[in-house]
Amino acid sequence: MSGEIVCGRCVHYEVTWDTRLPHGCRLFGIKSAEPPSRIVQRNSGGKPCQGFSEKRGKPDKPAG
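My aim in this report is to walk through the structure given alongside it, one point at a time. (Residues numbered from 1 in each chain as written. Predicted model: local features only at pLDDT ≥ 70, side-chain atom pairs only at ≥ 80, totals over all residues. Heavy atoms only, no water.)

A separate point is the environment of Ser44. Tracing the sequence through the fold places Ser44 in the segment after helix H1 (36-43). Judged by relative accessible area, which is 28%, Ser44 ranks as partly exposed. Within polar-contact distance, the side chain of Ser44 engages the backbone oxygen of Lys47 at 2.9 Å. (Helix = DSSP H or I, 4+ residues; strand = E, 2+ residues; numbered from the N terminus. Buried < 20%, exposed > 50% of the residue type's maximum accessible area, 1.4 Å probe, protein only. Polar contact = N/O pair within 3.5 Å; in protein donor to acceptor, adjacent residues only side chain to side chain.)

In structure tokens:
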């Protein structure tokens, strides 16, 4: 994967009920106003988030 990590594509990402801190990461216990991957990168010396795990798409329904 190249470029910035998109938290919305991660299995650990969640949208919180807090309008001031709408982005959350269940893995790292983060709630923030910005995507959690940015906070992780900033606090890990510039390393991209190591907890990113891409969501799998829903399986295709058989033609019926």
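The strands that make up a sheet pair up through hydrogen bonds in the backbone, lying either parallel or antiparallel. Across the sheet, three strands lie side by side as E1-E2-E3; this open sheet has antiparallel pairing. Edge strands, defined here as strands with exactly one partner in the open sheet, are strand E1 (13-15) and strand E3 (30-32). Averaged over all neighbouring strand pairs, the angle between strand axes comes to 25 degrees, with direction disregarded. Looking at chain direction, strand E2 (residues 23-25) and E3 are connected through three bridges and run antiparallel. Looking across to E3, one finds that Gly24 is bridged to Lys31. Here H1 sits on the sheet in contact with E1, E2 and E3, set at roughly 110 degrees to E3. (Pairing = 2+ DSSP bridges. Axes fitted to C-alpha atoms, helices over the stretch in contact; angles between N-to-C directions. Contact = heavy atoms within 4.5 Å.)

Here we come to the side chain of Asp18. Following the sequence through the fold, Asp18 ends up in the loop between E1 and E2. Here the side chain of Asp18 touches Arg20 through a polar contact of 2.9 Å, landing on its backbone nitrogen.

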